[in-house]
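Residue strings, one per chain:
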Amino acid sequence: MFVHKAAVVGGGTMGGQIAQAIAASDIPVVIKDVDQKFVDHAIEEVKNVTTGQLAGKVKKEKITQEQADARLAEVLANVTGTVSYDEFGDVDFVIEAVPEKMEIKQAVFAELDAVTPGHAILSSNTSALSISEIGEATLRPDKVVGFHFFYPASVMPLVEVIIGDDTSSETAQTASNFAQAIGKQPITCGEVPGFVVNRILNSAVGEIWRAQEERGLSIQKIDEGVGAANVAPMGPFILVDLLGLDTVYHVADHLNNSYGERFYVHQGMKQLVADGKLGAKTGGEGLYKDGAPNIPGDADADAQELADLFLGKALVEACLILEEGVCSVRDIDVGMMAGAGLDPRRGLFPPFWKADIEGLDVSLERIEKLNEKYGDERFPVPVTLKRLVAQGRLGFNAGQGFYPYPQPDEGDQPEKVKLETRGDVAIAWLANPPMNAISPQVIQDLGTIWEKVNANPEIGAMVIASTMPIVFSAGADIKAFTQMDTEGGAELINNGHELLKGFGNGRIATIAAVNSLAFGGGCELAMACDFRIAAESAVFGQPEIKLGIIPGFGGTQRLPRLVGWGKALEMNTVGDPISSIEALEAGLVNELVPDQELFDVALNWAKRLAGQAPLAIEQVKQVSFRGGDPDAGIDAEKQGFATVFFSEDGKEGISAFLGKRKPNWQGK
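What this report covers is the structure whose coordinates are included nearby. (Residues numbered from 1 in each chain as written. Predicted model: local features only at pLDDT ≥ 70, side-chain atom pairs only at ≥ 80, totals over all residues. Heavy atoms only, no water.)

A word on a positive patch on the surface
Thought 1: Together, Lys57, Lys60, Lys62 and Lys660 make up a region of like positive charge exposed at the surface.
Thought 2: Note that Lys57 resides in helix α2 (residues 36-59). (Patch = residues over 30% accessible without salt bridge, like charges linked within 9 Å, V, L, I, M, F, W, Y side chains within 5 Å. Areas by Shrake-Rupley, 256 points an atom, 1.4 Å probe, with all protein chains shown as cover. Salt bridge = Lys/Arg side-chain N within 4 Å of Asp/Glu carboxyl O. Lys, Arg positive; Asp, Glu negative; His and termini not counted. Charge placed at Lys NZ, Arg CZ, Asp CG, Glu CD. Helix = DSSP H or I, 4+ residues; strand = E, 2+ residues; numbered from the N terminus.)

Describing the sheet that holds strand β4 (residues 93-96)
Thought 1: In spatial order, the strands read β3-β2-β1-β4-β5-β6-β7-β8; together these eight strands make up an open sheet with mixed pairing. Of all the strands in the sheet, just β3 (79-82) and β8 (185-190) have a single pairing partner and so form its edges. With direction set aside, neighbouring strand axes in the sheet form an average angle of 25°.
Thought 2: Across four bridges, the pairing between strand β2 (residues 29-32) and β3 is parallel. Following the sheet pairing, Val29 is matched in β3 by Val79.
Thought 3: Across the sheet, helix α13 (residues 329-340) is in contact with β7 (158-163) and β8; its angle to β8 comes to roughly 130°. (Pairing = 2+ DSSP bridges. Axes fitted to C-alpha atoms, helices over the stretch in contact; angles between N-to-C directions. Contact = heavy atoms within 4.5 Å.)

Focus: the environment of Cys327
Thought 1: By the secondary structure assignment, Cys327 is in the loop between α12 (303-323) and α13.
Thought 2: According to the relative accessible area criterion, Cys327 is buried, its value standing at 7%.
Thought 3: Put simply, Cys327 and Leu278 are 49 residues apart on the chain and 32 Å apart in space, counted from C-alpha to C-alpha. (Buried < 20%, exposed > 50% of the residue type's maximum accessible area, 1.4 Å probe, protein only.)

Here's the deal with the side chain of Arg210
Thought 1: Examined against the element boundaries, Arg210 turns out to sit in helix α7 (residues 197-215).
Thought 2: Taking the relative accessible area as the measure of exposure, Arg210 reaches 5% and is therefore buried.
Thought 3: Each residue touching Arg210, except ones within four places of it in the same chain, is listed here: Glu261, Arg262, Tyr264 and Arg378.

Describing the sheet that holds strand β12 (residues 425-430)
What links the strands of a sheet is backbone hydrogen bonding, and the strands pair in either a parallel or an antiparallel sense.
Thought 1: Read from one edge of the open sheet, six strands run β11-β12-β13-β15-β17-β20, paired in mixed fashion. Edge positions in the sheet fall to β11 (417-422) and β20 (591-593), since each has one partner strand and no second. Adjacent strand axes in the sheet meet at a mean angle of 20° when their direction is disregarded.
Thought 2: Against the sheet, helix α20 (residues 521-528) contacts β12, β13 (461-466), β15 (509-514) and β17 (531-535), and its axis sits at roughly 145° relative to β15.

Quick notes on the nonpolar core
Thought 1: Judged by nonpolar contacts, the single largest core of 97 residues is most densely connected at Leu287, Phe352 and Phe402.
Thought 2: If one sorts the elements of this core by residue count, α12 sits on top with 13 residues.
Thought 3: Those residues in contact with Leu287 that sit more than four places away from it in its chain are Ile219, Phe237, Val240, Asp241, Leu245, Met269, Leu272, Ala292, Pro293, Asn294 and Ile295.
Thought 4: If you look at the next biggest cluster of nonpolar residues, it comprises 49 residues, including Val417, Phe472, Leu559 and Phe641. (Core = buried A, V, L, I, M, F, W, Y, C linked by side-chain atoms within 4.5 Å.)

Structural notes on the environment of Phe519
Thought 1: Among the secondary structure elements, Phe519 is positioned in strand β16 (residues 517-519).
Thought 2: Here Phe519 falls in the buried class, since its relative accessible area comes to 13%.
Thought 3: Considered as a pair, Phe519 and Gly575 are 56 residues apart in the sequence and their alpha carbons are 9.7 Å apart.
Thought 4: The residues touching Phe519, leaving out its near neighbours within four places in the chain, are Gln180, Ser473, Ala474, Gly475, Val539, Phe540, Gly541, Pro543 and Pro577.

Structural notes on the packing of aromatic side chains
We describe a pair of aromatic rings using the distance from one ring centre to the other and the angle between the two ring planes.
Thought 1: Scanning all chains against the criterion turns up 13 aromatic pairs.
Thought 2: Between Phe147 and Phe178 the ring centres are 6.0 Å apart and the planes differ by 25°, which places this aromatic pair in the stacked class. In this pair, Phe147 sits in strand β6 (residues 144-149) while Phe178 sits in helix α6 (residues 169-181), placing the two residues 31 residues apart along the sequence. The same class applies to Phe147 and to Phe178, which are both buried.
Thought 3: What links up through ring pairs into an aromatic cluster is the set Phe93, Phe147, Phe149 and Phe178.
Thought 4: Taking the ring centre of Tyr85 as reference, the NZ or CZ of Lys32 above it sits at 4.4 Å.
Thought 5: Over the ring of Tyr374 we find Arg378, and its NZ or CZ is 4.2 Å from the ring centre. (Phe/Tyr/Trp six-rings, centres within 6.5 Å; stacked < 30°, edge-to-face > 60°. Lys NZ or Arg CZ within 6 Å of the ring centre and 35° of its normal.)

Some details on the packing of α7 against α13
Thought 1: Contact pair α7 / α13: the axes reach a minimum separation of 9 Å and the direction vectors enclose 75°. Judged on the interaxial angle alone, α13 and α7 are roughly perpendicular. Residues Val197, Ile200 and Leu201 of α7 form the contact with α13, whose participating residues are Ile332, Gly335, Met336, Gly339 and Ala340. (Parallel < 35°, antiparallel > 145°, perpendicular 65-115°, else oblique.)

Rendered as structure tokens:
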């Protein structure tokens, strides 16, 4: 399902910011509310946010003021305001952003069910309510999904895509694709109170709230200490004032009612909400007033103790979410990065990645001490954590924890790909941060590794894995490719094809361990391997068509042989990604496993294949493709790629991609 027109029900600031993200992505959007003043406010928010974003580009001299004015007019032209449903007859995706009351949401969804086409997806920007219950108000519960933005929606990149009891996999994938289309980072999760980010964040921060009230600690000293301990982007009490006390209290109270005393409700905050002192949104008075604490407490805070409480509880809650099957390892960490500001570039790491770096044995010891002190209700010891420690999977230094990590062979190593040898199995680790882009250097280094592997007669299988916990390879390094001359580009393409061809016809069995995003060249790299083992978080796609070009490393040839001509044509011409489940069903993936088990399973396959007769492996691989002519197909793809890459449309598509704008196709 594709989204050509969207709608937002519920004006005001949040509705306006959601609509702005859609309009700025050149998708027409309707904003509807019951009162014209709310609609007008939302449209004004679209204008203000867009003006601010464009002003930043003008200041950095990326565009001129004249271009900014023209772009503002284009964005506003994508927005329609209304107090009726007259514009909803042709919408494809609706985002409801009305007050957080079930009766209001169900009434709105019943109306939407009647006025939108049958294929339209109806989503709710709820932060807490049941998607399944909301869907009961419609005749299409399979097309009802959660679509939770984080405030402010104009800044925060995360969207939680929440799957209800009846939500179809197609609906969830369309919602994820739409989130990406409007510049957001989606994660997919099941329907539980608090979903992912709010649940983990409130559970962890709640322990600091509890300590503050029970011990009479100074909130200012807590904020300073927690900030200095580098466990969160800012102090917990300052953050509440910025978000709004009423919003935070509503979520905290809901989680306390849902889960019990594992979630603490700050009583001082509760009283301030009752008094209408909500922080920044009411002029600034909240937990702080004029920069000074506005609630009792002046005792010193032990920053390390509070940091241990925060880190321990965040990991406990993340493990519980994982063990309940609500969300995957990768999506939990990505959610905390995009929704809670835990940015590794600033030394802030999400729960699982942080635990791996610290050492899972260290993390387990911390939680066991907290459990001994505070009991099972507040600090249950996660089964997953105990299991990994018992297996010796202690994190980064051990080479395996929640994620796998390279332990390269001694001696000289290429820059962008690292070789690790374990008996008769080799691991080629992609190491081109942050997104493992397939650059000319990566191709060269991977070729160097492949030569070493082939020169070692004891190696019978090779696994290609990622050193990046949250990505396999996001595709080709377009900028690097555009900087090459025609002769250099042709040589690179030819060398790259010869390398990938070697993966599929030699004596060494090749396995791609796809942990996350495998787009474009990354997907083609995986397809060149004999087998693909995918984590639940894996996503596959061939998005080259959106740049006005075609796959250049075998995507037009290997993909049809794996998934059939029809599905391959769809993926190569539409360009939208597919989930790991869909990839398994289509035949692109051989086995699908939980995120934390991916590397072990890939090694298991490699050890089995390495023990097979190498000559027989080689002949099976070569003979299996004799039904078609892969060499002729690749030659045709190379010619087609060159034709479009050097065309006016190809140049325009790449320029638009690099400039983060919509391309203007000319058909030449």
